[in-house]
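# Overview (structure and organization)
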Amino acid sequence: MPVPQSLDPSYIPRHVAIIMDGNGRWAKRQRKPRLFGHKVGVDSVQEIVEYAGEWGVEVLTLYAFSTENWKRPADEVGGLMGLLKNYLQQELTRMLKNNIRLTCIGNILKLPADVRETLQATMQETAGNDKLILNLALSYGGRAELIRGIQNIAEEVCSGKLSSADIDEKCIDSHLYTVGLPDPDLLIRTGGEARLSNFLLWQASYAEIYFTDIMWPDFREEAFRNAIAEYQSRERRFGKTSAQIKSG
Ligand code: FPP
C-alpha cells in the first residue's frame, strides 16, 4: 500500500492523534447495542493502524479510553476492556510482522489486572519495533497528566534536583506521559463534535485540528486520506506570518 497519489509523500504528518468518537451513535442508528459500535470501531482501528504505518506516519495516538469514561455503565466499561484485551492478543502477530511498537499513555494502574498484563506484555514484545508507534491513550486525561507532571516537578524542586528556573517547555514535556514523542501534527476527531475532550491539552498546542462528521466505525482509508490531504493543504505558521514561512 504505497502512499496514494492524492497525498504528498514528503509531507506526511509525523504524529497523528485521533479522538475516535461516534461508536455509540453509529450503533444506535442501526438499533444495535452501543458495544456493537465499539466492536466495529476496532475494525477501523485495525485499518487505520495499517494505513498509518504504510504511509509513513511515525506515531499514531488513539484516544481509546478517557479518565471520564470510567463513569459509563459498568457493562460498557467491561465490554470496552474486553475488546481492548482481544485486540492486543489478536494483533500481536501483525504488530511484529509490520514492525509496530505499542506504547500507552494514561493511568494504566486503573485498568483491570488482566488487561494491564496483556498491555504490558504486548509493549515488551514490540519494544524493538520502529516503523510505527501505536500509542494508546488508556484511562488518559490531559488535566490528570498535567497534574501528575506538575507534582513530579514540584517534588524535584523540593528535593533540590531541579530549580524553578529550570522549568521550561522541555522540562514539562519530559514530565508528561508522552516524553520522547513528537507533538501531534494532526489531531482528528470523528463523530461530529468539535471539542478536545481533555485530550493532549499541552501537546496539541500547534496541532492542525480536523473535525469530521463521519462516525468512527465508518472512518476508513478514504476518510483518513482526506484528513491527511486537508492537513497537507494547510499552512502551519506557528505564530509567524505567511511571508516569513514562505521565505523559509
Ligand atoms: C467514543 O465513542 C469511543 C470510545 C469511548 C471508545 C473507543 C474504543 C474503541 C474504538 C475500541 C477499543 C479500542 C482499541 C484501541 C482496540 P462514543 O461511545 O462516545 O460514541 P457516542 O458519542 O456516539 O456515544
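Preceding this paragraph is the structure being described.
Reading the values: rules and limits
Residues numbered from 1 in each chain as written. Predicted model: local features only at pLDDT ≥ 70, side-chain atom pairs only at ≥ 80, totals over all residues. Heavy atoms only, no water. 1 Å grid on protein atoms, 1.4 Å probe; cavity = no way out; pocket = protein on both sides within 12 Å on 5 of 7 lines; lining within 4 Å. Points joined across faces, edges and corners; volume = space filled by probe spheres on them. Helix = DSSP H or I, 4+ residues; strand = E, 2+ residues; numbered from the N terminus. Nonpolar A, V, L, I, M, F, W, Y, C, P; charged D, E, K, R; others polar. Phe/Tyr/Trp six-rings, centres within 6.5 Å; stacked < 30°, edge-to-face > 60°. Buried < 20%, exposed > 50% of the residue type's maximum accessible area, 1.4 Å probe, protein only. Lys NZ or Arg CZ within 6 Å of the ring centre and 35° of its normal. Salt bridge = Lys/Arg side-chain N within 4 Å of Asp/Glu carboxyl O. Expected span 1.5 Å × (residues − 1). Arc of directions from axis to C-beta. Contact = heavy atoms within 4.5 Å. Near = heavy atom within 4 Å. Polar contact = N/O pair within 3.5 Å; in protein donor to acceptor, adjacent residues only side chain to side chain. Sits in = over half its atoms within 2 Å of the grid points.

Our focus in this paragraph is the layout of surface pockets. Counted as a void, the largest pocket has a volume near 710 Å³. Lining the largest pocket we find 31 residues, and of these Met20, Asn23, Tyr63, Ala64 and Asn69 sit closest to its centre. Among the secondary structure elements, those contributing two or more residues to the lining of the largest pocket are α1 (23–29), α2 (34–55), β2 (59–66), α3 (74–97) and β4 (132–140). The residue makeup of the lining of the largest pocket, split by class, is 16 nonpolar, eight polar and seven charged. Its volume calculated, the second largest pocket comes out at about 200 Å³. Lining the second largest pocket are Glu169, Asp173, Asp183, Pro184, Asp185, Trp202, Gln203, Ser205, Tyr206, Ala207, Arg236 and Phe238. Taken together, the residues of the lining of the second largest pocket break down into five nonpolar, two polar and five charged.

Right, let's talk about the packing of aromatic side chains for a bit. Summed over the entire model, instances satisfying the criterion amount to 12 aromatic pairs. Consider the rings of Trp216 and Phe219, whose centres lie 5.4 Å apart with planes at 20°: the pair is stacked. As far as burial versus exposure is concerned, Trp216 and Phe219 are alike and both buried. Here the aromatic cluster, defined as three or more aromatic residues joined through ring pairs, consists of Tyr51, Trp55, Trp216, Phe219 and Phe224. One cation-aromatic arrangement involves Lys32 over Phe36; the distance from NZ or CZ to the ring centre is 4.6 Å.

To continue, consider the pattern of salt bridges. Summed over the entire model, instances satisfying the criterion amount to 17 salt bridges. Taking the shortest distance from any N to any O, the salt bridge between Glu193 and Arg25 comes out at 3.8 Å. Of this pair, Glu193 sits in the loop between β5 (186–189) and β6 (208–211) while Arg25 sits in helix α1, and the two are 168 residues apart along the sequence. Residue Glu193 is classed as partly exposed on the basis of its relative accessible area of 26%. A salt bridge links Glu76 to Arg72, with the nearest nitrogen and oxygen atoms 2.7 Å apart.

A few words on helix α5 (residues 142–158). Because each turn of an α-helix spans 3.6 residues, side chains separated by three or four positions end up pointing in the same direction. With 17 residues, α5 extends 24 Å between its outermost C-alpha atoms, agreeing within 8% with the 24 Å of an ideal straight helix rising 1.5 Å per residue. Turning to α5, its buried residues are Gly142, Glu145, Gly149, Ile153 and Glu156. Taken around the axis of α5, the buried residues stretch over an arc of 65°, which confines them to a single face. Residues Arg143, Ile150, Glu155 and Cys158 are exposed on α5 and point more than 90 degrees away from its buried face. Those residues of α5 that are buried are in contact with β4 and α6 (169–173). Phi turns positive, to about 85°, at Gly160, one or two residues after α5.

Glancing now at the site of the ligand. Around the ligand, 16 residues are found, and the nearest of them are Met20, Asp21, Arg25, Arg34 and Arg72. Asp21 places a polar side-chain atom, nitrogen or oxygen, 2.9 Å from an oxygen atom of the ligand. Judged by the proximity of its atoms to the pocket grid, the ligand belongs to the largest pocket.

In this structure, Ser66 sits in strand β2. Leave out the neighbours within four places in its chain, and Ser66 touches Ser139 and Tyr140.

Let us look at empty space enclosed by the protein. Here the structure, examined in full by the defined rule, presents two cavities of 30 Å³ or more. In this structure, the largest cavity encloses a volume near 80 Å³. Every residue lining the largest cavity is listed: Gln46, Val49, Glu50, Tyr87, Glu91, Arg94, Met95, Asn98 and Ile100. Among the secondary structure elements, those contributing two or more residues to the lining of the largest cavity are α2 and α3. Ranked by residues supplied to the lining of the largest cavity, first place goes to α3 with four residues. Looking at side-chain class alone, the lining of the largest cavity contains four nonpolar, two polar and three charged residues. As a volume, the second largest cavity reaches approximately 60 Å³. Lining the second largest cavity, in full, are Val49, Glu50, Gly53, Glu54, Asn98, Ile100, Lys131 and Leu132.

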